[in-house]
Amino acid sequence: MAYSTKRRFMAGAVCPRCSSMDTIVVFNLDGKDFRECVSCNFKEEMRLNIATSELQTRVNQQDEHSQDVQVIHIVSPDNNN
Ligand SMILES: [Zn+2]
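All values reported here derive from a predicted model rather than from experimental measurement.

Engineer: When you look at the pairing of strand E2 (residues 24-29) in this model, what are you seeing that I'm missing?
Structural biologist: Relative to E2, strand E1 (residues 8-9) is paired through two bridges, and the arrangement is antiparallel. Bridge assignment links phenylalanine 9 to a residue of E2, and that residue is valine 25. Bridge analysis of E2 against strand E3 (residues 32-37) gives six bridges, and the strand direction is antiparallel. Looking at E3, one finds that valine 26 is bridged to arginine 35.

Right under this line is the structure:
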């Protein structure tokens, strides 16, 4: 069975390895999106969904942390007085 991958160039995309422009092709394989540089053979899986969820988790943790800091900041003056 031959792969039915459709490769298409990403206009204006710059390769993170060789910094060449318009050499990045994207294709789908086994339900995953990959990008590949035709100039230096750089290849990377594009895990967009996972990256987004990681960012949201980090933001949520930062929000909780800042809330904790605010609570401590408000409680401390009361203890001192
Ligand atoms: Zn490259």
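Next comes the rest of the account.
Engineer: Explain the sheet that holds E1 here, please?
Structural biologist: Backbone-to-backbone hydrogen bonds join strands into a sheet, with any given pair of strands oriented parallel or antiparallel. Reading across from one edge, E1-E2-E3-E4 is the order of the four strands in this open sheet, with antiparallel pairing throughout. Where the open sheet ends on each side, the last strands, each with one partner, are E1 and strand E4 (43-46). Both E3 and E4 contribute to a ladder of four bridges, which runs antiparallel. In the strand pairing of E4, phenylalanine 34 is matched with glutamate 45.

Engineer: Honestly, the pairing of E3 in this entry has me stumped. Any pointers?
Structural biologist: On a regular strand, one side chain projects to one face of the sheet and the next to the other, so that they alternate. Hairpin remark: E2 followed by E3, antiparallel, with two residues in the connecting loop; positive phi at aspartate 30, about 55 degrees. Once E3 ends, the chain turns through five residues before running back antiparallel as E4, passing asparagine 41 with a positive phi of about 65 degrees.

Engineer: Looking at this structure, I do not really get the environment of valine 14. What am I missing?
Structural biologist: Examined against the element boundaries, valine 14 turns out to sit in the loop between E1 and E2. According to the C-beta neighbour criterion, valine 14 is partly exposed, with 14 such atoms within 10 Å. As a C-alpha pair, valine 14 and isoleucine 24 span ten residues in sequence and 7.0 Å in three-dimensional space. Each residue touching valine 14, except ones within four places of it in the same chain, is listed here: Ser19 and Met21.

Engineer: Would you mind going over unusual backbone geometry with me for this structure?
Structural biologist: As a rule of thumb, non-glycine residues mostly have phi less than zero, and peptide bonds are mostly trans rather than cis. The phi dihedral of aspartate 22 is positive, around 65 degrees, even though this residue is not glycine. Its place among the elements puts aspartate 22 in the loop between E1 and E2. A positive phi angle, near 55 degrees, is found at aspartate 30, a position not held by glycine. When you line up the elements, aspartate 30 lands in the loop between E2 and E3. Under the C-beta neighbour-count criterion, aspartate 30 is labelled exposed, with 7 such atoms within 10 Å.

What counts, and at which threshold
Residues numbered from 1 in each chain as written. Predicted model: local features only at pLDDT ≥ 70, side-chain atom pairs only at ≥ 80, totals over all residues. Pairing = 2+ DSSP bridges. Helix = DSSP H or I, 4+ residues; strand = E, 2+ residues; numbered from the N terminus. Buried ≥ 20, exposed ≤ 12 C-beta atoms within 10 Å, placed from the backbone. Contact = placed C-beta atoms within 7 Å.

So yeah, pure geometry; function would need other evidence.
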